[in-house]
Amino acid sequence: ARSAGLFLTTLPFFAMVTKSPQARARRPKSKEARSAVLFTFVLALSVGLAVAFLCGWHIFLTLTAQTTIEFYGNHTLRHRAKAKGIIYRNPYDQGMRKNWAHVFGPGHPLLALLPSRRKPSAPPWPSPSAVRRFHNSLHQNRGGGNVLNIV
């Protein structure tokens, strides 16, 4: 079923570029139909390249133990250190394998493509005590400038 879907999806594109009489019979006859097929192909290719770029970017960030914001901060620190003749190293970088295992677990790297069954280390919502500490710190620093103490 999967290969049949792939065949039916790519058939119009192969029919447009092949010279065989059978392929010419399946080729879209009108200029509007050919334009629609070409537009769909260009649009799908563009979206596919954008998604592939984002996937590669996030794999790079995972392997180097950074978020997007940390990447820019580390980039600045690296250039400042280079100007002083020092080599800057991200303090959270433990090497590619350990960084990958920290995010996806110690299993085979291809298992990262499957849904995870690991229990989260913390719930995805703040605890009531953390919320109280946050609100208390806001009220304590109301007149004291831009200091926010979250402990």
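See the structure shown above.
Overview of the structure. (Residues numbered from 1 in each chain as written. Predicted model: local features only at pLDDT ≥ 70, side-chain atom pairs only at ≥ 80, totals over all residues. Heavy atoms only, no water.)

1. Quick look at the overall build of the protein
- A tally of regular secondary structure across the protein gives six helices and zero strands.
- In the protein, the succession of helices and strands from N to C terminus is α-α-α-α-α-α.
- The buried share of the protein, reckoned over its 151 residues, is 13%.
- A total accessible area of about 13000 Å² is found for the protein, and carbon and sulfur atoms account for 67% of it. (Helix = DSSP H or I, 4+ residues; strand = E, 2+ residues; numbered from the N terminus. Buried < 20%, exposed > 50% of the residue type's maximum accessible area, 1.4 Å probe, protein only. Areas by Shrake-Rupley, 256 points an atom, 1.4 Å probe, with all protein chains shown as cover.)

2. As for a nonpolar patch on the surface
- On the surface, a nonpolar cluster with roughly 460 Å² of combined accessible area is contributed by Leu-38, Phe-41, Val-42, Leu-45 and Leu-49.
- Of note, Phe-41 is situated in helix H3 (residues 31-63).
- For Phe-41, a relative accessible area of 38% gives the class partly exposed. (Patch = residues over 30% accessible without salt bridge, like charges linked within 9 Å, V, L, I, M, F, W, Y side chains within 5 Å. Salt bridge = Lys/Arg side-chain N within 4 Å of Asp/Glu carboxyl O.)

3. Thoughts on helix H4 (residues 68-83)
- Its 16 residues give H4 an end-to-end C-alpha distance of 23 Å, which sits within 8% of 22 Å, the value for a rise of 1.5 Å per residue.
- For H4, the complete set of buried residues consists of Phe-71, Asn-74 and Ala-81. Looking down the long axis of H4, one finds its buried residues gathered within 90° of arc, a one-sided arrangement. Seen from the open side of H4, the exposed residues pointing more than 90 degrees away from its buried face are Ile-69, Tyr-72, Arg-80 and Ala-83.
- Packing partners of the buried residues in H4 comprise H3.
- Count one or two residues on from H4 and you reach Gly-85, which has phi positive near 80°. (Expected span 1.5 Å × (residues − 1). Arc of directions from axis to C-beta. Contact = heavy atoms within 4.5 Å.)

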